[in-house]
2 protein chains.
Amino acid sequence: MKAEIIIIGDEILYGLTLDTNSAFIAEKLGELGIEISYKTAIGDEVKKIVEAIHSAQRRVDLVIVTGGLGPTSDDLTVKAIAKAFKKNLIFHPEILKKIEARFKTRGIEMPKINQNQALIPQGAKALENQLGSAPGILIEEDKKIFIALPGVPKEMKAMLEQEVIPLLKTKVGKTKIVHRKLRTTGIIESKLYEKIQDLLKDLKEIKVAFLPSYLGVDLRLTANLKTSSKSKDVITQLEDKIKERIGGFIYSYDEQTLEEVVGRILKENKRTLSVAESCTGGLVAAKITNISGSSDYFERGVVSYSNQAKMEILGVPKELLDKFGAVSQEVALAMAQGVRKISKTDLGLSVTGIAGPTGGTPEKPVGLIYIALADVNKGWVEKFIFGQDRMINRERTAQAALNIVRLYFLGKYK
Amino acid sequence: MKAEIIIIGDEILYGLTLDTNSAFIAEKLGELGIEISYKTAIGDEVKKIVEAIHSAQRRVDLVIVTGGLGPTSDDLTVKAIAKAFKKNLIFHPEILKKIEARFKTRGIEMPKINQNQALIPQGAKALENQLGSAPGILIEEDKKIFIALPGVPKEMKAMLEQEVIPLLKTKVGKTKIVHRKLRTTGIIESKLYEKIQDLLKDLKEIKVAFLPSYLGVDLRLTANLKTSSKSKDVITQLEDKIKERIGGFIYSYDEQTLEEVVGRILKENKRTLSVAESCTGGLVAAKITNISGSSDYFERGVVSYSNQAKMEILGVPKELLDKFGAVSQEVALAMAQGVRKISKTDLGLSVTGIAGPTGGTPEKPVGLIYIALADVNKGWVEKFIFGQDRMINRERTAQAALNIVRLYFLGKYK
């Protein structure tokens, strides 16, 4: 099955909003073995949308459009779909009821204009939107599938996963393509490549992609053999060899995040964690608490941005701050031990550093970070020198801090 | 002038890499008043690339392709360009010299494979790459412009700004298009639309787009009149009318975030802030401290995830927690007052709620959030009911909390 993704919206076309939807859709379709032939972005203009739908219908079996399903006058996708398929728009009272109910639970009266969203082209099926008012649209005609999804990423993703993927699975049959992502952190791309390059030579049945980001480098293995079990076999074989070389750097597989992994480890080991942050300003705690159920192992966090807060809440001695400065291994350690002590958790994790872009000195440059971990007996500090960008430094630091907790349970710190 | 952007590369098409290039190019072209008609993404396949170039050449005046200019065997763009324009590839020794020099300064011997990158279609101009080995390609034929840029974002951006934009400026003359974004929060899209819909009727010279996200709704005004000053005038006129209706909901313009706005307000008013968070788990503090210079007004944050932390650090009375529960207006208020008191800041901001997906009860459903603000004299609490999604609830809550600080300085709370 071949597919085309059409992104609708002036804001995407003009570069005012970054399109993340099409990458998500492409990846999910790819997992089903559906080949993406084209991605097209066009503006909010009925004529262009109709043209794009027509040319996509000619060249592929599955067309997915996103965007332009909102209630306002610049949302023209439903109108264009009706035109492209030569259908009338039909009012669906049962859809309106759902939209009204959504507003009611939020304690808001539904504005009249949202009634528009209960209009669906004749013969089309409405796809339920769990997170917003705009329903999706499904049209099956002449053995071709046409799907319209909302442009708001969260709504689109939920609808794709809950409604579209199950439907497509029934159409494409069993997938032969197998993907496997090995997620690493704490090692740079070229170093990783050096460690495994001989394993990648003369690979015919399997594709390996290096996907670097500031959270680490993901390795993506893809196999497309005659059956999915054969694909799985070759992937597993290569994966085992790669693990022998770089096992400790791999923190998870596929879409699992480091904060999920750390949460699972803490839960399994029945240990609790508290966090004291300076330069990350709450980001480490925010990542940890992004995971539902984190209250089982996360007790508290302290964003000790000022020295006063470091002394008052965490009990960092004034002499340490005066002698070594807030960005030092001594203070990092005192913060980790301090937060562990006041919260009575098994582990205390701390971060202090210079996120930038200002505040650096020759001895303590922008990007200098100390991360400390303390348990009931001992404490450890790691030093990092990241780059010049504040946002990237903060993200990298949070990832490195979480990784230290993971490595602790792997026995790195004793 | 109308333009099409073609993104080449399997990794983009399959959603393995997010395309940020096309948004950047579109924005830069938009600033010159060049209208983007289409964006297309295709894979690494000569036939598809040739087809895409041909159909773009038919429908627009300017075609920009990115990607596939690297030295390895999956980089096919130069070959495809030569085919599309029916040109031979010509070896340019002066380009090879530059590539060799690049490797020399990095202390690396140039791999033989990079010699490929000195091949350019006959009659084309090579565009210099300051940051990498692949030169860009420029072809002017039949009053149409064709440009190929590297796919590595940094290289593409530098080449676009240093080589392409100056060239295009000579072609298009002065820009006439003016964009203006009004960013609102605290009001839903359809409500916003109702309030201003009569202003949007029969607008001919100006386009208005509604861009909703869980942070709020952005309104984007675009005008393209005979001169940029005329475009500016009509935008300002409409903007003034819109402001009369919904002024209080507008928190910023263009790309400025709410955390930047709140930071600026605190700085200007010489006030300090501390934060106590439960369900957002550090996200409010993380957003505030994302802003460089936030240590001028942000003193500390407490992620009081456990009741113990609420009592010990913030001094929330046990009786309040027992009587009203952690998610209550009483506890929210005590948290805000508590964090303000211990940190000696002018303002204390707090958040408590049920982010979900679990933990809800009939009386206190998932999505129930209390946000409190305290100054030295008084405290205020706002109640919100958001949705079912944990991540969205957290983001919305953080935005609503920051907005309450903004509204305080607008005189809403007295």
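Residues numbered from 1 in each chain as written. Chains lettered and ligands numbered in written order. Predicted model: local features only at pLDDT ≥ 70, side-chain atom pairs only at ≥ 80, totals over all residues.

**Details of the overall build of chain A**
Our working definition: Helix and strand assignments follow DSSP, with helices taken as H or I runs no shorter than four residues and strands as E runs no shorter than two, numbered in order from the N terminus. Here the C-beta atoms are placed from the backbone, and a residue counts as buried if at least 20 other C-beta atoms lie within 10 Å of its own, exposed if 12 or fewer do, and partly exposed otherwise. A residue pair is marked as a contact if its C-beta atoms, positioned from the backbone, fall within 7 Å.
Counting secondary structure elements, chain A contains 14 helices and 17 strands. Dimensions of chain A along its principal axes, counting C-alpha atoms only, are 80 × 60 × 40 Å. Counting across all 414 residues of chain A, residues that qualify as buried make up 49%. Taking all contacts inside chain A whose residues are at least 6 apart in sequence as the whole, residues at least 24 apart take part in 65%.

**Here's the deal with the pairing of strand β15 (residues 347–353) of chain A**
All names here are of chain A. Threshold: Here, a strand pair is defined by DSSP locating no fewer than two bridges between the strands.
β15 sits mainly inside the fold: seven of its seven residues count as buried. The sheet contact formed by strand β13 (residues 273–277) and β15 spans five bridges and is parallel. In the strand pairing of β15, E277 is matched with V351. Pairing analysis gives six bridges linking β15 to strand β16 (residues 368–374), with the strands arranged antiparallel. Counted as the bridge partner of G348 is A374 from β16.

**Notes on the sheet that holds strand β17 (residues 379–385) of chain B**
Stated precisely, the cut-off is as follows: In this analysis an axis means a line fitted to C-alpha atoms, helices contributing only their contacting stretch, and an angle means the value between N-to-C directions, from 0 to 180 degrees.
Read from one edge to the other, the open sheet built from ten strands follows the order β17(A)-β16(A)-β15(A)-β13(A)-β14(A)-β14(B)-β13(B)-β15(B)-β16(B)-β17(B), with strand pairing classed as mixed. The two strands at the open ends of the sheet, each matched to only one other strand, are β17 (379–385) of chain A together with β17 of chain B. Between one strand and the next, the sheet's axes are offset by a mean angle of 10 degrees, whatever the strand orientation. Contacts from helix α14 (residues 390–409) of chain A reach β13, β15, β16 and β17 of chain A within the one sheet, and its direction differs from that of β16 of chain A by about 30 degrees.

**Side note on the interface of chain B and chain A**
For clarity, the threshold we go by: Side-chain classes are defined by residue name, with Ala, Val, Leu, Ile, Met, Phe, Trp, Tyr, Cys and Pro counting as nonpolar, Asp, Glu, Lys and Arg as charged, and the others, Gly among them, as polar.
Listed by partner, the interface residues are 64 residues for chain B and 65 residues for chain A. A per-element tally of the side of chain B that touches chain A places helix α2 (residues 21–31) of chain B first, with seven residues. A breakdown of the residues in the side of chain B that touches chain A according to their chemical character gives 33 nonpolar, 19 polar and twelve charged. Where strand β14 (residues 298–303) of chain A meets strand β14 (residues 298–303) of chain B, three bridges bridge the pair, whose relative direction is antiparallel.

**Structural notes on the pairing of strand β3 (residues 62–66) of chain A**
Residue and element names in this part refer to chain A. Counted residue by residue, β3 has five buried out of five residues, so it is predominantly covered. Where burial is concerned, the two faces of β3 agree: the one with L62, I64 and T66 and the one with V63 and V65 are both buried. With five bridges connecting them, β3 and strand β8 (residues 144–149) associate as parallel partners. Across the sheet, I64 pairs through a bridge with I147, a residue of β8.

**So, the domain arrangement of chain A**
In many analyses, interface size is given as the accessible surface area lost on bringing the parts together. Cut-off, in case you're wondering: Here the bounds of each domain stem from an automatic or database domain assignment.
Each domain of chain A was delimited in the assignment, giving domain 1 (2–172), domain 2 (177–253) and domain 3 (264–409). For domain 1 of chain A versus domain 2 of chain A, the distance between C-alpha centres works out to 34 Å.

**Re helix α5 (residues 93–105) of chain A**
Formally: By this rule, a helix spans an expected 1.5 Å times one less than how many residues it contains.
Between its first and last C-alpha atoms α5 of chain A spans 19 Å; for 13 residues at 1.5 Å apiece the expected length is 18 Å, and the two agree. Backbone geometry just after α5 of chain A places G107 of chain A at a positive phi near 70 degrees.

**Focus: the sheet that holds strand β9 (residues 177–184) of chain B**
Residue and element names in this part refer to chain B. Spatially, four strands are ordered β10-β11-β9-β12 in an open sheet, and the strand pairing comes out antiparallel. Whereas interior strands pair on both sides, the edge strands pair on one side only; in this sheet they are β10 (206–213) and β12 (250–253). Strand-to-strand twist of the sheet, defined as the mean angle between neighbouring strand axes without regard to direction, takes the value 25 degrees. Pairing of β9 with strand β11 (residues 216–224), which is carried by eight bridges, proceeds in the antiparallel orientation. Across the sheet, residue T184 finds its bridge partner in β11, namely V217.

**A short note on the nonpolar core**
Note the threshold: Throughout this description, the term nonpolar core refers to a group of buried Ala, Val, Leu, Ile, Met, Phe, Trp, Tyr and Cys residues whose C-beta atoms join them within 7 Å.
With 110 residues, the main nonpolar core has M335 and A336 of chain A together with M335 and A336 of chain B as its most contacted residues. Excluding its chain neighbours within four sequence positions, the residues that come into contact with M335 of chain B are A276, S304, K310, L314, V316, S350, T352 and A372 of chain B. Ranked by size, the runner-up nonpolar core spans 105 residues in total, among them A3 and L29 of chain A together with L13 and I53 of chain B.

**Quick word on the packing of helix α3 (residues 46–59) of chain A against helix α4 (residues 77–84) of chain A**
All names here are of chain A. This is how it is decided: Any angle from 65 to 115 degrees is called roughly perpendicular, while one under 35 is roughly parallel, one over 145 is roughly antiparallel, and all others are oblique. By definition, any crossing whose near helix is turned counterclockwise from its far helix by less than a right angle is left-handed, and any crossing with a clockwise turn is right-handed.
Closest axis-to-axis distance for the α3/α4 pair is 9 Å, and the angle between their directions is 50 degrees. Taken together, the axis directions place α3 and α4 in an arrangement best described as oblique. Crossing hand, α3 versus α4: right-handed. Where α3 approaches α4, its residues V46, I49, V50, I53 and H54 are matched on the opposing element by T77, K79, A80, K83 and A84.

**A few points about the environment of G33 of chain A**
Residue placement: G33 of chain A occurs in the loop between α2 (21–31) and β2 (35–42). Taking the C-alpha atoms as reference, G33 of chain A lies 29 Å from I246 of chain A; in sequence the two are 213 residues apart.

**Some remarks on unusual backbone geometry**
Of note, the bond from G356 of chain A into P357 of chain A is cis; its omega dihedral lies within 30 degrees of zero at 0 degrees. Of note in this structure, K270 of chain A is not a glycine but carries a positive phi near 50 degrees. Within the fold, K270 of chain A resides in the loop between α9 (258–268) and β13. A positive phi angle is found at D142 of chain B, which is not glycine, with a value near 50 degrees. Relative to the helices and strands, D142 of chain B resides in the loop between β7 (136–141) and β8 (144–149). Residue class for D142 of chain B comes out exposed when judged on the 5 C-beta atoms lying within 10 Å of it.

**A few points about the packing of helix α9 (residues 258–268) of chain B against helix α14 (residues 390–409) of chain B**
All names here are of chain B. Remark: α9 packs on α14, axes separated minimally by 10 Å, with the N-to-C direction vectors making an angle of 35 degrees. Note that α9 runs across α14; the crossing there is left-handed. On the side of α9, the interface is formed by L258, E259, V261, V262 and I265, while α14 contributes Q399, L402, N403, V405, R406 and F409. Residues that form the contact of α9 with α14 fall into these classes: seven nonpolar, two polar and two charged.

**Side note on α9 of chain A**
Buried within α9 of chain A we find L258, E259, V261, V262, G263 and L266 of chain A. Just downstream of α9 of chain A lies K270 of chain A, where phi reads positive at about 50 degrees.

**Considering the environment of E330 of chain B**
Residue and element names in this part refer to chain B. You can see E330 is positioned in helix α13 (residues 329–343). Given 18 C-beta atoms within 10 Å, E330 falls into the partly exposed group. Along the sequence, E330 and A372 sit 42 residues apart, while their C-alpha atoms lie 9.3 Å from each other. Dropping the residues within four chain positions of it, E330 is found in contact with L320 and F324.

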